[in-house]
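Notes for the structure review
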Amino acid sequence: GIEGPTSGSATIRGAQYATLGFPCAGPAGTGDLWNCGIYMLMPEADVEAPSRNRQVKSGMKSVPDWFVPFIRHFLGARNAKFWQQCSQQGKVSPHPVWELAADRVVAGR
């Protein structure tokens, strides 16, 4: 199994990056299951544009090459190992959520 859960955070140029996890119940006999996530800014070129409800339709098809090295550099070797093992097992489902979706933004409001 993969040692979990992942845990850590960093502030980089004013942006907060965090990874966390918690145990969750699964089918009988499955052993320890973890619901984990990482919240981070991403290059716009790597994600699908948002729809009106800020969600994306299909998400990412694969984990970007820069992901694990980024985690290693900013969140440490243990977190990088965790996310690398999850990626290798096909257990990472990138799904960007956009925090702002607007047809027009007016200054001061």
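So, here's what we can say about the structure. (Residues numbered from 1 in each chain as written. Predicted model: local features only at pLDDT ≥ 70, side-chain atom pairs only at ≥ 80, totals over all residues. Heavy atoms only, no water.)

1. Points about the overall build of the protein
Counting its regular elements, the protein contains 2 helices and 3 strands. Reading the helices (α) and strands (β) of the protein from amino to carboxyl end gives β-β-β-α-α. Long-range pairs, those at least 24 residues apart, make up 53% of the contacts in the protein between residues at least 6 apart in sequence. By element, 51% of the accessible surface of the protein is carried by carbon and sulfur atoms, the whole surface being about 8000 Å². (Helix = DSSP H or I, 4+ residues; strand = E, 2+ residues; numbered from the N terminus. Contact = heavy atoms within 4.5 Å. Areas by Shrake-Rupley, 256 points an atom, 1.4 Å probe, with all protein chains shown as cover.)

2. What to know about a nonpolar patch on the surface
Residues Leu20, Phe22 and Tyr39 make up a contiguous nonpolar surface patch of about 320 Å² in total accessible area. Locating Leu20 in the fold gives a position in strand β2 (residues 15-24). The partly exposed category is assigned to Leu20, whose relative accessible area is 39%. (Patch = residues over 30% accessible without salt bridge, like charges linked within 9 Å, V, L, I, M, F, W, Y side chains within 5 Å. Salt bridge = Lys/Arg side-chain N within 4 Å of Asp/Glu carboxyl O. Buried < 20%, exposed > 50% of the residue type's maximum accessible area, 1.4 Å probe, protein only.)

3. Thoughts on helix α1 (residues 67-75)
Taken as a whole, α1 has its buried residues at Phe67, Val68, Phe70, Ile71 and Leu75. Along the axis of α1, the buried residues cluster in a sector spanning 155°; they form a single face. Buried residues along α1 sit in contact with β1 (8-12), β2, β3 (33-39) and α2 (77-88). Downstream of α1 by one or two residues, Gly76 has phi in the positive range, about 95°. (Arc of directions from axis to C-beta.)

4. Overview of unusual backbone geometry
Of note in the backbone geometry, Arg13 takes a positive phi value of approximately 50° without being a glycine. Tracing the chain through its elements places Arg13 in the loop between β1 and β2.

5. Concerning the packing of aromatic side chains
Both the distance between ring centres and the angle between the ring planes are used here to describe each pair of aromatic rings. Evaluated as defined, the whole model comprises 5 aromatic pairs. Note on Tyr17 and Phe70: the rings are 5.3 Å apart at their centroids and 55° apart in plane angle, and the pair reads as tilted. Here Tyr17 is found in strand β2, whereas its partner Phe70 is found in helix α1, with 53 residues between them in sequence. An identical accessibility class is assigned to Tyr17 and Phe70; each is buried. Arranged with centres 4.9 Å apart and planes meeting at 50°, the rings of Phe70 and Phe74 form a pair that is tilted. With Phe70 and Phe74 both in helix α1, this residue pair falls 4 residues apart, about one helical turn. Given the relative accessible area of 17%, Phe70 is considered buried. Among the aromatic residues, ring-to-ring pairing joins Tyr17, Trp66, Phe70 and Phe74 into one connected group. (Phe/Tyr/Trp six-rings, centres within 6.5 Å; stacked < 30°, edge-to-face > 60°.)

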